[in-house]
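# Residue-level structural notes
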Amino acid sequence: MSRHPESSADGTDHIVVDDLQKVFDVRKKTGLVRREKHRVRAVDGISFTVPRGEMVGYIGPNGAGKSTTIKMLTGILTPSAGRVRVAGIEPARDRTRLTRRIGVVFGQRTTLWWDLPLIDSYRLMHRMYRVEDRRFRENLDRCVELLELGELLDTPVRQLSLGQRMRGDIAAALLHDPEVLYLDEPTIGLDVISKTKVRTFLRDLNAERGTTVLLTTHDLQDIEQLCERVMVIDHGRLMYDGALAGLHEIGESERTLVVDLAEELPPVDAPGARVLKVEGPRQWLAIPAAASAAPVVTAVASAYPLVDLSVREPDIEAVIAKMYEDRAAP
Amino acid sequence: MRLYAAVAASGFRRYATYRVATAAGVFTNTVFGFVLAYTYIALWSERPQLGGYDQAEALTFVWLGQALLATCAMMGGGFEDELIERIRTGDIAIDLYRPVDLQLWWLAGDLGRALFHFLGRGIVPMVIGSLAFELALPGDPLVWVAFLVAVALGVVVSFAVRYLVALSAFWLLDGAGVAQIAWLGGMFFSGMLLPLNVFPGALGELARALPWSSFLQVPADVFLGKRTGIDLLGAFAFQAGWALALIGAGRVLQAVATKRVVVQGG
């Protein structure tokens, strides 16, 4: 398996999205016969670029416009306005040419043929993407080994478990060496072991082959374990684009300091901290995520009988939930 | 081309997987065949030479109908239900992510299915029918070849009709209604209920000119030696003409559908 040659027209930027918009006209029944037409801006002026070989998380609540963006990136939806380039190709105009260079995995759908053994689906992919025999063999062997598909190849897809089917689908998307991989909820409904397998495989794929990956998910652990960069979308707009760590500052998230005192005391008084909860001798203190916890710890330790303490890092999920809330109530 | 051959092969295998369903289908076709055969015997003894067929030819028509019922998907049961379902659920998106032509893809799969149904569900009822009744089987091997050509063309026309029906789901969201109307129309206009040459006047003319007559009436007339020489070529031209026209219409509709349509669901 070789890394892909640098061939993008946009230099190192593998995906270029510039002021992308998609407007749907929706008819709503307002009376017996009367229908009101109104416009829904599913994607409302999004711009970003993804350099070759990057793995980016693309997150947002249901209906935020994630899938609509992905559909425009693959060319099955035509943008209402704005510019899209994937590997130098305009997706909506050149969909068929682009399909040979991208791979798509939908957690909720399958590309495999229900009635046929897994291997038959792969043979069809082989012909469909006109993959050279030797390369097909290599890619298949590798996927079979890493995704542990060996014993499943002769099993009809309808008999596979969800986790097995998902691994089968991921393999199917990679047999033609795509440069760009879109993953839509690749771990949805999987148990912990299957999730770990999928994540490990994706991390290795990205590291070894330099595949550009755009990952849509509701499982923030996917993002935390796989992506250094994350884009948050809501109501069709990009609300955040940057390092995962930066989300905490933006979201004004807080770390929690849990202190165990020797006895039950009224809420402690420490500068820079806010007491969240008191439960017997245990108290919960909030500190801004960007600030250091050390001065607070020192202050508490010097003024109170401290027995034990622990720091809890902010939960990314809470951060994002807070972002959505802020947005919903301006 | 190798891709579409592989798709056709997988279409064949998919149906071959379900052996019990195939056996049940053969059984149904055979029972149906007997019911229709006795009805036809009653009818033809009252009205010999009805529609220009003698009784043996009429009975041959019955068993050909049973043999081709699944092959030409005259009662549905081909790819169209699946395609309608994929459009309804949005799974069609996956098909559009592939570097293949949607129509050729489904055509190849359906040809594979039709071949399986021809062999798996056509031969046995035909053999049983010919053992139980006196049928007018052609002696000339060339007639058999011409019959196979007519069946193949009939399958393509059948595909083209069902493809149009299935694509309507892009607009209607649920194509089941259209599929049912097409199925009812197909049952009658293919000649499945009664040979089309039995119908007099304008209705008969119309029925014989519609694409559905390619499914059964035309192959049966070829089989019975009613169409030979230049008339045989005319029969092929009739089927091929409908096939091309309907495939062309399917391509136009497909282009419109994939351009303007919103793929359902996230």
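Residues numbered from 1 in each chain as written. Chains lettered and ligands numbered in written order. Predicted model: local features only at pLDDT ≥ 70, side-chain atom pairs only at ≥ 80, totals over all residues. Heavy atoms only, no water.

## Things to note about the overall build of chain A
Rules: Secondary structure elements are defined from DSSP: runs of H or I of at least 4 residues count as helices, runs of E of at least 2 residues count as strands, and each element is numbered from the N terminus. Contacts between residues were defined by any pair of non-hydrogen atoms, one from each residue, lying within 4.5 Å. The protein chains shown are the only cover counted for residues, whose accessible areas, like all others here, come from Shrake-Rupley with a 1.4 Å probe. Here Asp and Glu are counted as negative and Lys and Arg as positive; His is not counted, and neither are the chain ends. Charge positions come from single atoms, namely NZ of Lys, CZ of Arg, CG of Asp or CD of Glu.
Looking only at helices and strands, chain A features ten helices and 13 strands. Dimensions of chain A, computed from the C-alpha atoms along their principal axes, are close to 75 × 55 × 45 Å. Expressed as a percentage of contacts within chain A between residues at least 6 apart in sequence, the contacts between residues at least 24 apart total 69%. Per element, the accessible surface of chain A, about 15400 Å² overall, is 48% carbon and sulfur. Seen as two clouds, the 45 positive and the 49 negative side-chain charges of chain A have centres 10 Å apart.

## Looking at the sheet that holds strand E5 (residues 102–106) of chain A
Residues and elements named next belong to chain A. Quick note on the threshold: Pairing between two strands is assigned when DSSP locates at least 2 bridges connecting them. For every element, the axis is a line fit to its C-alpha atoms; helices are fit only across the contacting stretch, and the angle between N-to-C directions ranges from 0 to 180 degrees.
The six strands are arranged E5-E6-E7-E3-E8-E9 in an open sheet whose pairing can be described as mixed. Single-partner strands in this sheet number two, and they are E5 and strand E9 (237–243). Strand after strand, the sheet turns through a mean of 15° between neighbouring axes, direction not considered. Here four bridges tie strand E3 (residues 55–59) to strand E7 (residues 212–216), and the two strands are oriented parallel to one another. Within E7, the position partnered with methionine 55 by the bridge is valine 213. Sitting on the sheet, helix H5 (residues 162–174) touches E5 and strand E6 (180–184), and the angle it makes with E5 is about 165°.

## Some remarks on the packing of helix H4 (residues 133–146) of chain A against helix H6 (residues 192–209) of chain A
All names here are of chain A. Heads up, the condition is: It is the rotation of the near helix from the far one that decides the hand of a crossing: anticlockwise by less than a right angle makes it left-handed, clockwise makes it right-handed. Here the nonpolar group is Ala, Val, Leu, Ile, Met, Phe, Trp, Tyr, Cys and Pro; Asp, Glu, Lys and Arg are the charged ones; every other residue, Gly included, is treated as polar.
Two elements in contact, H4 and H6, have axes whose closest approach is 11 Å; the angle formed by their N-to-C orientations is 145°. In the crossing of H4 with H6, the sense of the turn from one axis to the other is right-handed. Contacts between H4 and H6 pair Arg142, Cys143 and Leu146 from the former with Phe201, Leu205, Glu208 and Arg209 from the latter. Per-class residue counts for the contact of H4 with H6 are four nonpolar, no polar and three charged.

## Considering the interface of chain A and chain B
Our working rule: A quick way to say it: buried area is the sum, across both parts, of accessible area lost when two parts are put together, with a 1.4 Å probe. Should a side-chain nitrogen of Lys or Arg be within 4 Å of a carboxyl oxygen of Asp or Glu, the pair is scored as a salt bridge. Two N or O atoms count as a polar contact when they lie within 3.5 Å, although within protein this holds only if one can serve as hydrogen donor and the other as acceptor, and sequence-adjacent residues are included solely when both atoms are side-chain atoms.
Contact residues are listed per partner, giving 27 residues for chain A and 29 residues for chain B. Carbon and sulfur atoms supply 58% of the area that chain A and chain B bury against each other, a total of about 2600 Å² over both sides. Together, A:Ile76, A:Arg109 and A:Arg127 form the three largest contributors to the area buried by chain A at its contact with chain B, with a combined 25%. Across the chain A-chain B interface, the total number found is three salt bridges. A salt bridge links A:Arg109 to B:Asp91; the nearest nitrogen and oxygen atoms lie 2.7 Å apart. Where chain A touches chain B, the interface holds nine residue pairs in polar contact (both at pLDDT 80 or more). Among the secondary structure elements, those contributing two or more residues to the side of chain A that touches chain B are helix H1 (66–74), helix H2 (95–99), E5 and helix H3 (118–128) of chain A.

## What to know about the pairing of E5(A)
The condition that has to hold: Each residue is assigned to one of three classes by its accessible area relative to the maximum for its type, calculated with a 1.4 Å probe on protein chains only: buried under 20%, partly exposed between the two thresholds, exposed over 50%.
For E5(A), the buried fraction is high: five of the five residues fall into the buried class. Side-chain alternation along E5(A) places A:Ile102, A:Val104 and A:Phe106 on one buried face and A:Gly103 and A:Val105 on a second face that is also buried.

## Structural notes on the packing of helix H2 (residues 19–46) of chain B against helix H3 (residues 55–71) of chain B
Residue and element names in this part refer to chain B. The condition is simple: Roughly parallel means an angle under 35 degrees; roughly antiparallel means over 145; roughly perpendicular covers 65 to 115; every other angle is labelled oblique.
Remark: H2 packs on H3, axes separated minimally by 9 Å, with the N-to-C direction vectors making an angle of 155°. Here H2 is positioned roughly antiparallel relative to H3, judged by the angle of their axes. Helix-helix and strand crossings are classified by hand; for H2 and H3 the assignment is right-handed. For the pair H2 and H3, the contacting residues are Asn29, Thr30, Phe32, Gly33, Phe34, Leu36, Ala37, Tyr40, Ile41 and Trp44 in the first and Gln55, Ala58, Leu59, Phe61, Val62, Trp63, Gln66 and Leu69 in the second. For the contact of H2 with H3, the per-class residue count stands at 13 nonpolar, five polar and no charged.

## Regarding the sheet that holds strand E11 (residues 274–279) of chain A
Residue and element names in this part refer to chain A. Spatially, E11-E12-E10-E13 is the arrangement adopted by the four strands of the open sheet, whose pairing is antiparallel. Strand pairing shows two members of the sheet lacking a second neighbour, E11 and strand E13 (306–312), which therefore form its edges. Each neighbouring strand pair of the sheet contributes to a mean axis angle of 20°, computed without reference to strand direction. Inspection of the sheet shows E11 paired to strand E12 (residues 282–288) by five bridges, in the antiparallel sense. Within the sheet, the bridge partner assigned to lysine 277 lies in E12 and is tryptophan 284.

## A few points about the UniProt feature "transmembrane region" (unreviewed entry) in chain B
Residues and elements named next belong to chain B. Worth spelling out the cut-off: UniProt positions are given in the numbering used here, feature names are shortened, and annotations may be inferred rather than shown by experiment.
The residues that UniProt annotates with the feature "transmembrane region" (unreviewed entry) are residues 20–41, 61–79, 118–137, 143–165, 177–196 and 232–253. Segment residues 20–41 splits into 100% helix and 0% strand. End C-alpha atoms: 31 Å apart. Across residues 61–79, helical content stands at 58% and strand content at 0%; the span's end C-alpha atoms are separated by 26 Å.

## A short note on H3(A)
Where burial is concerned, most of H3(A) is hidden: nine out of the eleven residues are buried. Listed as buried for H3(A) are A:Leu118, A:Ile119, A:Asp120, A:Ser121, A:Tyr122, A:Leu124, A:Met125, A:His126 and A:Met128. As for H3(A), its buried residues are in contact with H4 and H5 of chain A together with helix H1 (2–16) and helix H6 (102–132) of chain B. Immediately beyond the C-terminal end of H3(A), within one or two residues, lies A:Arg130, with a positive phi of roughly 45°.

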